[in-house]
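Given next are the chains, with one letter for each unit.
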2 protein chains.
Amino acid sequence: MLIGIKYVYLRQIIDNKKLLIIMQDFIYYAPTEVVFGKKSESKVAELVTKYGGHKVLVHYGGKSAKASGLLDAICENLKQGGVDYVELGGVVPNPRLGLVKEGIKMVREQKIEFILAIGGGSVIDSSKAIAIGANYDGDVWDFFEGVAEPKCCLPVASVLTIPAAGSEMSDAMVITKEEGEIKRGYSNPLTRPKFAIMNPERTFTLPAYQTAAGVTDMMMHTMERFFSHDNDMVLTDNIAISLLRTMKECVHDVLKNPNDYENRAQIMWGGSLAHNGLTGCGLLGDWATHQIEHELSALFDVAHGAGLAAVWPSWARYVMKENIQRFVQFAVEVWDVPENSDDPEGTALRGIEEIEKFYHSIGMPTSIHELVGRQVTEDEIKEMARKCTRNNTITHGHFKVLKAEDIEQIYRMAQ
Amino acid sequence: MLIGIKYVYLRQIIDNKKLLIIMQDFIYYAPTEVVFGKKSESKVAELVTKYGGHKVLVHYGGKSAKASGLLDAICENLKQGGVDYVELGGVVPNPRLGLVKEGIKMVREQKIEFILAIGGGSVIDSSKAIAIGANYDGDVWDFFEGVAEPKCCLPVASVLTIPAAGSEMSDAMVITKEEGEIKRGYSNPLTRPKFAIMNPERTFTLPAYQTAAGVTDMMMHTMERFFSHDNDMVLTDNIAISLLRTMKECVHDVLKNPNDYENRAQIMWGGSLAHNGLTGCGLLGDWATHQIEHELSALFDVAHGAGLAAVWPSWARYVMKENIQRFVQFAVEVWDVPENSDDPEGTALRGIEEIEKFYHSIGMPTSIHELVGRQVTEDEIKEMARKCTRNNTITHGHFKVLKAEDIEQIYRMAQ
């Protein structure tokens, strides 16, 4: 019964915890219609019309959407389907507030009623920000600063080309304000996209680094939820572990053979499931690593997934004693570390070492100097920690509440 | 690396199959807002209002909704929230067309615009049928006969009390026409419920038999999708296996201690995930066992889950050679049968024996005579097979297409 160990093990943890922790109530709401498969983009006009779009902002990034022919194909399909549209390109990784404001202006002037993102998380996030800003009289940044809440949101949808951020089904977005290099996330169920078109073939041309950073990001979306003290939702845990194991195996196949449809498909669908809420049902989640990374990518403009890989092991070593059993479970269930009940700390540490080996095997960094090519200075560390914590304690960080000095220490460990 | 066997094994199957089978495209659309946890029913008026309901049909079964005080609590909450409502009780297991028609009449006469189901799958299915029939001039049974398609559907939502059918998030319903004892399923994305309120405490009073039949039904919803030839969506497989393993373990705990909140919660959420489409992404699925069982419960009015347990092992033995590897995977991954590559058939058979042991351990039958207390006659077998196949071949049955004589044989094996 060797294979059963995994599940028996999970149950024991529950039995020990049952009297200590009360299960979290939760809301699961993931209304996005996912149209997945070859040629799925041919349904774009039909879907836009179904969800009430007549005049559409086609929002995209740069060269690749044009070079691949996807943008033209989408526009042609919209034309054929009688859907009016205007284009707005130029979204960059870590999407900027300036372009969001430009989009809001276009939407108002041209009476646009639907935002269609062609791209990955950056383009979808930028689209969501335009969609909540369009009917708000104030500055859209108010939402990111937490001083206002949107009352409505234009419908948003996407043709996904980069599996990573999970924005295609999520209620979340991250925008960078150029002035002061401030990167902020914002979540609101109103922003859940209406549909997401996903054709794994469209991801064949993704460079290896971007593929690996994407998988790192989706695995981290699952891990941020997994590292929680309220760990008695076994079904959520088991689904999360399945997702992590599937992703870590598929990524190697895809890096070897970029045109591997089946494995590209696992990754594409995994990215959505990792961030649509499924892997967090019944858990509070943590999200400190995302906050810590946001300051890194705001300052150095690095790929978000790579930034996460660079800081997670240090976060993990810093906080693991808060709930060592959760780290033991992670090591044993996801990374096949043999269980040693006499040495839970050793088991937990071996799990962290395994993920470091994994990151290196897919070309991801596990330290900041690997990420940005140099050590960060003490001044930079202090500045990032200050921005990250804003009001003394980190906004998230349910696993362990972190103050500025904790964050500084994590940056130092990650150097 | 013992624990990793499971996933390595999955990958080998894929590698062998890759050239033979093309992955299925899929649509995943599960827009229901799930509000899960203690006291969640206190949000009912707020949610009905959010989804546009002003005048509501409160649809329910019989004694238990009243005796538990739930019905009164819901009605009081609606009143307090300024939502007008009328009540229609009397839904029975294997819900009847007669009451659906009564509901349609009430909806039309009283200008009702929202159907709120208080109960389990039968009540929700009956609600969905009322919702698609309300604005259709013809006989609502037309949809079940496949001679018409609804153009619209009133909004449906539920306060779930019986985790089993998964109707709270699904697009499907099953209704029994009294005349001729005809039981038919119908699916349409328009019928996906707007919200589902799930409080595991409301399931504490479920009798052991109904709890076990419910878990059997949800496991079967996953198995019907799992037994497919297009088995290269590893992520879906891994999630399905996680779900099956979690359910089979939790049910024993709940049967021992009916007030076990955590395990009731796994089962309640598992029932929804088993049938909201998640476990079928990228797979065609089979559904023959459901069709075969429908005739049994139409004739003998037995619990659907129990009927599924009574016939599945016979279906499995009859069809397993069509894709023995899928049955081997099921035996090894879900039931911990040791793998023996020299004897795939023996491994597959041991998996079927394991599920029979499991069914008996939770009080479910594994044969028709255990289910209905007597052997069925040859005439009954022939009549059920005729009704089940309708036009020579079974409507579903992608794993193996079954004709009337195949179905007869399965009923005989299940005697």
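Values in this document were obtained by computation on a predicted structure and should not be read as measured data. (Residues numbered from 1 in each chain as written. Chains lettered and ligands numbered in written order. Predicted model: local features only at pLDDT ≥ 70, side-chain atom pairs only at ≥ 80, totals over all residues. Heavy atoms only, no water.)

## A few points about the overall build of chain A
Inference 1: Counting its secondary structure elements, chain A contains 17 helices and eight strands.
Inference 2: Compactness check: chain A gives a C-alpha radius of gyration of 21 Å against a globular reference of 22 Å for 415 residues, within 12% of the reference.
Inference 3: Dimensions along the principal axes, computed over C-alpha positions, put chain A at roughly 65 × 50 × 40 Å.
Inference 4: The proportion of buried residues among the 415 residues of chain A is 65%.
Inference 5: Here the analysis covers contacts within chain A between residues at least 6 apart in sequence; of these, 78% occur between residues at least 24 apart.
Inference 6: With the model as given, the accessible surface of chain A reaches about 14800 Å², and the carbon-plus-sulfur share is 50%. (Helix = DSSP H or I, 4+ residues; strand = E, 2+ residues; numbered from the N terminus. Rg over C-alpha atoms; globule rule 2.2 N^0.38 Å. Buried < 20%, exposed > 50% of the residue type's maximum accessible area, 1.4 Å probe, protein only. Contact = heavy atoms within 4.5 Å. Areas by Shrake-Rupley, 256 points an atom, 1.4 Å probe, with all protein chains shown as cover.)

## Re the confidence of the model for chain A
Note: predicted coordinates in regions of low pLDDT should not be interpreted at a detailed level.
All names here are of chain A.
Inference 1: Looking at chain A as a whole, the pLDDT averages 92, with 93% of positions reaching at least 70.
Inference 2: Counting contacts from residues 1-20, a segment whose pLDDT is below 50, to residues more than four positions away or on other chains yields 48 contacts.
Inference 3: On the interface metric, ipTM, the complex scores 0.92, and its pTM is 0.93. (pLDDT = per-residue confidence, 0-100.)

## Side note on the relation of the copies chain B and chain A
The operation linking the two copies of the chain is a rotation about an axis combined with a translation along the axis.
Inference 1: Of the two same-sequence chains, chain B is brought onto chain A (RMSD 0.0 Å, axial shift 0.0 Å) by a rotation of 180 degrees. Taken together, the rotation and translation relating the two chain copies correspond to the operation of a two-fold axis. Considering only C-alpha atoms, the part of chain B nearest the rotation axis is Pro31(B), at 1.8 Å.
Inference 2: Mapped onto chain A, 98% of the interface residues of chain B again fall at the interface, so both copies present the same surface. (Least-squares fit on C-alpha atoms with pLDDT ≥ 70 in both.)

## What about the sheet that holds strand β4 (residues 114-119) of chain B?
Inference 1: Spatially, the 12 strands line up as an open sheet ordered β3(A)-β2(A)-β4(A)-β5(A)-β8(A)-β1(A)-β1(B)-β8(B)-β5(B)-β4(B)-β2(B)-β3(B), and their pairing is mixed. Looking at the sheet topology across the chains shown, the edges are occupied by β3 (84-88) of chain A together with β3 (84-88) of chain B. Pairwise comparison of adjacent strand axes, ignoring direction, gives a mean angle of 25 degrees for this sheet. (Pairing = 2+ DSSP bridges. Axes fitted to C-alpha atoms, helices over the stretch in contact; angles between N-to-C directions.)

## Topic: the environment of Tyr359(B)
Residue and element names in this part refer to chain B.
Inference 1: Along the chain, Tyr359 turns up in helix α14 (residues 344-361).
Inference 2: Along the chain, Tyr359 and Ala306 lie 53 residues apart, while their C-alpha atoms are 9.0 Å from each other.
Inference 3: In this structure, Tyr359 is in contact with Thr216, Met220, Met223, Ala309, Pro313, Met364, Pro365 and Thr366, ignoring residues within four places of it in sequence.

## Some words on the domain arrangement of chain A
Residues and elements named next belong to chain A.
Inference 1: Taken domain by domain, chain A comprises domain 1 (33-202) and domain 2 (206-414).
Inference 2: The gap between the C-alpha centroids of domain 1 and domain 2 is 26 Å.
Inference 3: Each side of the interface is counted separately: domain 1 has 31 residues, and domain 2 has 27 residues.
Inference 4: Taken together, both faces of the contact between domain 1 and domain 2 bury some 2300 Å²; the carbon and sulfur share is 59%.
Inference 5: Counting every contact that joins domain 1 to domain 2 gives one salt bridge.
Inference 6: A salt bridge links Asp301 to Arg96; the nearest nitrogen and oxygen atoms lie 3.4 Å apart. (Domains from an automatic or database assignment. Buried area = accessible area lost by both parts, 1.4 Å probe. Salt bridge = Lys/Arg side-chain N within 4 Å of Asp/Glu carboxyl O.)

## Looking at the packing of helix α9 (residues 234-256) of chain B against helix α10 (residues 261-273) of chain B
All names here are of chain B.
Inference 1: For the pair α9 and α10, interaxial distance at closest approach is 9 Å and the crossing angle is 140 degrees. In this structure, the crossing between α9 and α10 has a hand that is left-handed. Every residue of α10 that contacts α9 at Leu243, Thr246, Met247, Cys250, Val251, Asp253 and Val254 is listed here: Asn263, Arg264, Gln266, Ile267, Gly270 and Leu273.
Inference 2: Residues that form the contact of α9 with α10 fall into these classes: seven nonpolar, four polar and two charged. (Left-handed = near helix turned anticlockwise from the far one by under 90°. Nonpolar A, V, L, I, M, F, W, Y, C, P; charged D, E, K, R; others polar.)

## With respect to the pairing of strand β6 (residues 172-177) of chain A
All names here are of chain A.
Inference 1: With six bridges connecting them, β6 and strand β7 (residues 182-187) associate as antiparallel partners. Bridge pairing links Met173 to Tyr186 in β7.
Inference 2: The loop that links β6 with its antiparallel partner β7 comprises four residues; one of these, Gly180, has a positive phi angle of about 85 degrees.

## Some remarks on the nonpolar core
Nonpolar side chains tend to gather and get buried jointly when the protein is soluble and globular.
Inference 1: The biggest cluster of nonpolar side chains holds 229 residues, and the ones touching the most others in it are Trp315(A) and Trp315(B).
Inference 2: Ignoring sequence-local partners within four residues, the contact set of Trp315(A) consists of Phe227(A), Asp286(A), Ala288(A), Thr289(A), Ile292(A), Phe327(A), Phe399(A), Leu402(A) and Ile410(A). (Core = buried A, V, L, I, M, F, W, Y, C linked by side-chain atoms within 4.5 Å.)

## Details of unusual backbone geometry
Residue and element names in this part refer to chain A.
Inference 1: Although it is not a glycine, Asp301 sits at a positive phi angle of roughly 55 degrees.
Inference 2: In this fold, Asp301 is placed in the loop between α11 (288-300) and α12 (304-319).
Inference 3: Classification of Asp301 by relative accessible area gives partly exposed; the value is 43%.
Inference 4: Positive phi is not limited to glycine here, since Asp336 has a value of about 60 degrees.
Inference 5: If you trace the backbone, Asp336 turns up in the loop between α13 (324-335) and α14 (344-361).

## Details of the interface of chain B and chain A
Inference 1: At the interface, 57 residues of chain B touch 56 residues of chain A.
Inference 2: Taking both partners together, chain B and chain A bury about 5000 Å²; carbon and sulfur atoms supply 63% of that area.
Inference 3: Taken together, chain B and chain A are joined by zero salt bridges.
Inference 4: Per-class residue counts for the side of chain B that touches chain A are 33 nonpolar, 10 polar and 14 charged.
Inference 5: Across seven bridges, strand β1 (residues 26-36) of chain A lies against strand β1 (residues 26-36) of chain B in antiparallel orientation. In the strand pairing of β1(B), Val35(A) is matched with Ile27(B).

## Focus on the packing of aromatic side chains
All names here are of chain B.
Inference 1: Enumeration according to the criterion identifies 52 aromatic pairs over all chains in this entry.
Inference 2: Measuring from ring centre to ring centre gives 6.2 Å for Phe226 and Phe330, while their planes differ by 45 degrees; the resulting arrangement is tilted. With Phe226 in helix α8 (residues 208-226) and Phe330 in helix α13 (residues 324-335), the pair connects residues that are 104 residues apart, well separated along the chain. Considered together, Phe226 and Phe330 belong to a single accessibility category, that of buried residues. (Phe/Tyr/Trp six-rings, centres within 6.5 Å; stacked < 30°, edge-to-face > 60°.)

## With respect to the UniProt feature "domain: Alcohol dehydrogenase iron-type/glycerol dehydrogenase GldA" (unreviewed entry) in chain A
Inference 1: As annotated by UniProt and renumbered to match this structure, "domain: Alcohol dehydrogenase iron-type/glycerol dehydrogenase GldA" (unreviewed entry) occupies residues 31-200 of chain A.
Inference 2: Taken as a whole, residues 31-200 of chain A contains 32% helix and 26% strand, while its terminal C-alpha atoms sit 21 Å from one another. (UniProt positions renumbered as here; feature names shortened; annotations may be inferred.)

## Some thoughts on the environment of Leu243(B)
Inference 1: Topologically, Leu243(B) is positioned in helix α9.
Inference 2: Taking relative accessible area as the criterion, Leu243(B) reaches 0% and is therefore assigned buried.
Inference 3: In this structure the C-alpha to C-alpha distance between Leu243(B) and Gly185(B), which are 58 residues apart in sequence, comes to 24 Å.
Inference 4: Filtering out sequence-adjacent residues up to four positions away, Leu243(B) remains in contact with Leu235(A), Thr222(B), Gly270(B), Leu273(B), Ala274(B) and Thr279(B).

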